[in-house]
Amino acid sequence: MKVSSRAIGIFDSGVGGLTVAKEVFKKLPSENVIYFGDTARTPYGPRSAEIVKKFSVQNISFLSTQGVKLIVVACNTASAVALDYLKRIFQLPLMGVIEPGSRAAVKVTESGRIGVIGTAGTIRSKSYTKAIQKIDKKIKVFDYPCPLFVSLAEEGYINKKATYLIAQEYLTPLKKQKIDTLVLGCTHYPLLKKVISTVIGENVTLIDSAEETALEVKKILEQKDMMNPANSEPAYRFYVSDFPEKFIQISERFLGEKVKKVKKIDINKY
Ligand code: DGL
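The notes below deal with the structure included here. Every chain is numbered on its own, with residues counted from 1 as its sequence reads. Only residues with pLDDT of 70 or above have their local features reported here, since the model is predicted, and side-chain atom pairs are shown and tallied only from 80 upward, although totals for entire chains, interfaces and linings are computed over all residues. Hydrogens are left out, water is left out, and the side-chain values use all remaining heavy atoms of the structure.

Remarks on the site of the ligand
Stage number 1. With respect to spatial proximity, 14 residues lie near the ligand, and among them Asp12, Ser13, Tyr44, Gly45 and Thr77 are the closest.
Stage number 2. We define a polar contact as two N or O atoms separated by no more than 3.5 Å, with the added condition that, inside protein, one atom must be a possible hydrogen donor and the other a possible acceptor, whereas residues neighbouring each other in sequence contribute only through side-chain atom pairs. The backbone of asparagine 76 places a nitrogen or oxygen atom 3.0 Å from an oxygen atom of the ligand.
Stage number 3. The separation between a nitrogen atom of the ligand and a polar side-chain atom of threonine 187 is 2.9 Å.
Stage number 4. Accessible surface is estimated by sampling points in the Shrake-Rupley manner with a 1.4 Å probe; for residues, cover comes only from the protein chains shown. Here the ligand, which alone exposes 290 Å², has 99% of that area covered by the protein. Proximity criterion: a residue is near a molecule or strand once any of its heavy atoms comes within 4 Å of it.

Structure (structure tokens):
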């Protein structure tokens with residue numbers, strides 16, 4: 001099989017990476033995609049870096065057996081704590097979501113004051129701060145964990161009073177920092193854009209890492225001459241490590257349409 005017609009592999013801790021898949025489908029309409037959601041071991045956000053690295057190695061090993069040409073680590077937590085480690089182990093082109101999101105934020109900020117929100121693991125790793133300050137060390141980064149946003153998005157608490165109250169609690173300290181740009185550093189947060197924007201202030205530009213990552217995938221495939229020819233009809237395959245029915249049930253919220261077929265695999269074999 002020609003490299004260009006092989007699929008793009010995407011993995012996440014669960015359903016959230018569908019926000020990245022959605023952007024990849026939109027921006028790369030002729031690419032085949034194989035998605036793996038580690039639903040048996042989700043969430044990754046509260047876990048140690050050591051265990052997230054171990055899970056990520058298994059996820060990539062599985063996707064590698066599917067003959068993918070490039071893998072996107074769609075999970076912010078896995079990108080934050082494991083990407084460098086994974087790049088040392090695997091030969092395959094690998095990309096995460098931290099650098100694309102950081103680059104976009106640096107491009108947008110005028111005041112040089114950027115906020116970052118994510119899971120506990122992502123914020124503890126300081127990966128966004130390092131990536132942003134690697135581009136411009138004068139930029140001030142204010143990072144805050146917002147772990148409850150993950151459950152709220154999954155439970156469909158998109159426009160509820162409780163969600164606004166939690167957002168106020170989380171984002172009030174950040175608001176005081178007078179940022180002009182805010183990175184949504186978690187797969188789930190794009191679903192809460194409206195709430196986050198209302199609370200942080202509509203003058204603050206929200207950076208959606210999912211969108212930026214899909215643009216970066218396109219750039220890499222073009223550079224490597226690995227784009228699938230434009231006339232082909234794409235094939236999408238979805239795998240999870242547990243409970244495919246639940247994945248199907250909540251997929252629409254993240255993807256904009258319901259995933260039709262999902263296969264369960266035993267991730268411990270990899
Ligand atoms: N996918 C994770 C992330 O983007 C959020 C869910 C989890 O904690 O596993 O960080």
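Thoughts on the side chain of lysine 69
Stage number 1. Considering the arrangement of structural elements, one finds lysine 69 in the loop between α2 (49-65) and β3 (70-73).
Stage number 2. Here glutamate 31 takes part through its side chain, which lies 2.6 Å from a polar atom of the side chain of lysine 69.
Stage number 3. It only takes one pair of heavy atoms within 4.5 Å for two residues to be counted as in contact. Excluding its chain neighbours within four sequence positions, the residues that come into contact with lysine 69 are Val3, Ser4, Arg6, Ala7, Ile8, Glu31, Pro93, Leu221, Met226, Met227 and Asn228. Under the DSSP-based scheme used, a helix requires at least four consecutive residues in state H or I and a strand at least two consecutive residues in state E, with every element numbered from the N terminus.

Some points on the environment of isoleucine 250
Stage number 1. Looking at where isoleucine 250 falls in the secondary structure, it is placed in helix α11 (residues 244-255).
Stage number 2. Between the alpha carbons of isoleucine 250 and alanine 167 there is a distance of 22 Å; along the sequence they are 83 residues apart.
Stage number 3. Excluding its chain neighbours within four sequence positions, the residues that come into contact with isoleucine 250 are Val15 and Glu154.

Some details on the pattern of salt bridges
A side chain with one charge may pair with a side chain of the opposite charge, provided their charged atoms come close.
Stage number 1. A carboxyl oxygen of Asp or Glu within 4 Å of a side-chain nitrogen of Lys or Arg is what we treat as a salt bridge. Under the counting rule described, the total for this entry stands at 10 salt bridges.
Stage number 2. Between lysine 26 and glutamate 23 there is a salt bridge, with its nearest N and O atoms 3.4 Å apart. Linking lysine 26 with glutamate 23, this pair stays in helix α1 (residues 18-27), spanning 3 residues, or about one helical turn.
Stage number 3. For lysine 26, a relative accessible area of 54% puts it in the exposed group.
Stage number 4. Here the term buried applies to any residue with accessible area under 20% of the maximum for its type, exposed to any over 50%, and partly exposed to those in between, with areas from a 1.4 Å probe on protein chains only. Note on glutamate 23: relative accessible area 7%, which makes it buried.

Thoughts on unusual backbone geometry
Stage number 1. Cis geometry is adopted by the peptide bond preceding proline 43, which originates at threonine 42 and carries an omega value of 0 degrees.
Stage number 2. Notably, aspartate 225 is not glycine yet its phi reads approximately 55 degrees, a positive angle.
Stage number 3. The class of aspartate 225 is exposed, set by a relative accessible area of 68%.

Shape is all these values report; function is a separate question.
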